[in-house]
Amino acid sequence: MEALVILILVSVVIFIVYRLVRPYTPEERESINMASRADLANAAKRTGMGGSPGKPSPRPVYGAEIFANAGGPRTFDDYVGQTRAKMQLKIATLSAAKRGERVGHILIATGLHGVGKSAIARVIANSLNVGIVEVQGELTGEEAMGIFSGMKDHDILFIDEAHKLADKGKARIEWLLPVLQDGVMTTAQGPKKIPNVTIILATTDKDLLPETILSRLPLKPVLEPYTPQEGAQIAAY
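Rules used throughout
Residues numbered from 1 in each chain as written. Predicted model: local features only at pLDDT ≥ 70, side-chain atom pairs only at ≥ 80, totals over all residues. Heavy atoms only, no water. Buried < 20%, exposed > 50% of the residue type's maximum accessible area, 1.4 Å probe, protein only. Helix = DSSP H or I, 4+ residues; strand = E, 2+ residues; numbered from the N terminus. 1 Å grid on protein atoms, 1.4 Å probe; cavity = no way out; pocket = protein on both sides within 12 Å on 5 of 7 lines; lining within 4 Å. Points joined across faces, edges and corners; volume = space filled by probe spheres on them. Nonpolar A, V, L, I, M, F, W, Y, C, P; charged D, E, K, R; others polar. Core = buried A, V, L, I, M, F, W, Y, C linked by side-chain atoms within 4.5 Å. Contact = heavy atoms within 4.5 Å. Pairing = 2+ DSSP bridges. pLDDT = per-residue confidence, 0-100. Axes fitted to C-alpha atoms, helices over the stretch in contact; angles between N-to-C directions. Polar contact = N/O pair within 3.5 Å; in protein donor to acceptor, adjacent residues only side chain to side chain. Parallel < 35°, antiparallel > 145°, perpendicular 65-115°, else oblique. Left-handed = near helix turned anticlockwise from the far one by under 90°.

Undergrad: Just to check I follow, could you spell out helix α5 (residues 141–148) for this structure?
TA: Since the α-helix packs 3.6 residues into each turn, any two residues three or four apart lie on the same face. For α5, the buried fraction is high: 6 of the 8 residues fall into the buried class. Every buried residue of α5 is listed here: G141, A144, M145, G146, I147 and F148.

In structure tokens, the structure reads:
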């Protein structure tokens, strides 16, 4: 009997080690994602979080749908100008794809308008073959909860004019800190795990964003003004 118990315990340990070492198959990962999204959606309903009543949360778009209403470049090679920023993001994107991981959180901060912030976010999503949700400023934690419930691992949440998150006080942006730091949303029932997504913040006034947020965005490409020649190429899209 003692030998049987030992044999069972050894078998359990071997199984646990095997599960830790063996990566999940795509089917298993999708099953886990579905369960996570369902749990997050239920949490949103229980806490009254998840967007305005009668207003559905935006859902990720993929592939050609990313460019359905926006047009513009689809690859880094097509993207005009911004050589240094483009190279930094291209390397980060290729590295993430090779490792099978999401790309790191990104801050695109520039005092200039119309320098391709949204366009480069779409290129990143398309290059990684992941979905992207695009929103503009003043995104509340309640609205974010609803958005995350429809996203998958490695998808991208792009928040343009991100400084508006803190327009009515930096407390309004506090929901973002645990998302960037631990990949969770704080609810009345405690922390809720969200899909392992990339956050891209774009802003023309980064000084309005708390340092606690800025410090958790490891990729900070610098966008420069376009030359007249680059502007002419962009206008051709």
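Undergrad: Before we go on, may I ask you to explain the layout of surface pockets in this structure?
TA: Over the atoms, a rolling probe the size of a water molecule traces out where space has been left empty. Roughly 220 Å³ of internal volume is contained in the second largest pocket. The set of elements that each furnish at least two residues to the lining of the second largest pocket consists of α5 and β4 (184–187). In terms of residue class, the lining of the second largest pocket is built from 6 nonpolar, 3 polar and 5 charged.

Undergrad: Even after reading the chapter, I still don't get the nonpolar core, so can you show me in this structure?
TA: The nonpolar side chains of a soluble globular protein tend to be buried, and buried together. Membership of the largest hydrophobic core comes to 28 residues, with the highest contact counts inside it found for V103, I106, I108, I124, I132, I156 and I200. Secondary-structure elements contributing two or more residues to this core are α3 (83–99), β1 (106–109), α4 (117–128), β3 (156–160) and β6 (198–203). It is α4 that provides the largest number of residues to this core, a total of 7 residues. Sequence-distant contacts of I200, defined by excluding residues within four places in its chain, comprise I106, I108, A121, I124, I156, L157, F158 and I159. If you look at the next biggest cluster of nonpolar residues, it comprises 27 residues, including M145, L176, I194 and L217.

Undergrad: Help me understand the pairing of β4 in this model?
TA: Remark: a regular strand shows side chains that alternate across the two faces of the sheet. Strand direction decides the pairing type here: β4 and strand β5 (residues 190–193), joined by 4 bridges, are antiparallel. Considered in β5, the bridge of V184 is made with K193. Linking β4 to β5, which pair antiparallel, is a turn of 2 residues.

Undergrad: Teacher, can you tell me more about the confidence of the model for the protein here?
TA: In low-pLDDT segments, the atomic positions of the prediction should not be examined closely. Chain-level statistics for the protein give a pLDDT mean of 80 and a share of 74% at 70 or above. For the protein, helix α2 (residues 26–47) is the element with the lowest average pLDDT, namely 48, and β3 is the one with the highest, namely 96. Predicted confidence is poor over residues 15–21, with pLDDT under 50, and the contacts of this stretch with residues over four places away or in other chains come to 2 contacts. Across residues 43–51 the pLDDT falls below 50, and counting only partners more than four positions away or on other chains, this stretch makes 20 contacts in the model.

Undergrad: How should the environment of F67 be read in this particular structure?
TA: Within the secondary structure, F67 is located in the loop between α2 and α3. A relative accessible area of 5% places F67 in the buried class. The spatial distance from the C-alpha of F67 to the C-alpha of A119 is 9.3 Å, given a sequence separation of 52 residues. Other than its neighbours up to four places away in sequence, F67 contacts G72, P73, R74, R122 and N126.

Undergrad: What's the story with the sheet that holds β6 in this structure? I'm lost.
TA: Pairing is parallel across the open sheet formed by 4 strands, whose spatial order is β1-β6-β3-β2. Looking along the sheet, the strands with just one partner apiece sit at the ends: β1 and β2 (132–136). In this sheet, adjacent strand axes meet at a mean angle of 15 degrees when their direction is disregarded. Both β2 and β3 contribute to a ladder of 5 bridges, which runs parallel.

Undergrad: Please explain the side chain of T187 as it appears in this structure.
TA: If you trace the backbone, T187 turns up in strand β4. Here G190 takes part through its backbone oxygen, which lies 2.7 Å from a polar atom of the side chain of T187.

Undergrad: Quick question: what am I supposed to make of unusual backbone geometry here?
TA: Peptide bonds are trans in most cases, and residues, glycine excluded, mostly fall at negative phi. At N129, a residue that is not glycine, the phi angle is positive and equals roughly 60 degrees. The topology assignment puts N129 in the loop between α4 and β2. Of the residues examined, N129 reaches a relative accessible area of 65% and is grouped as exposed. Of note in the backbone geometry, H154 takes a positive phi value of approximately 80 degrees without being a glycine.

Undergrad: Explanation requested: the packing of α3 against α4 in the structure shown.
TA: Angle between the axes and distance between the axes: these two values describe a pair of packed helices. Following both chains from N to C, one finds α3 and α4 inclined at 25 degrees, their axes separated by 10 Å at the closest point. Looking at the two axes, α3 sits roughly parallel to α4. Every pair of crossing elements has a handedness; the one defined by α3 and α4 is right-handed. Touching K86, L89, T93 and A97 of α3 are I120, I124, S127 and L128, all from α4. Of the residues that constitute the contact of α3 with α4, the class distribution is 5 nonpolar, 2 polar and 1 charged.

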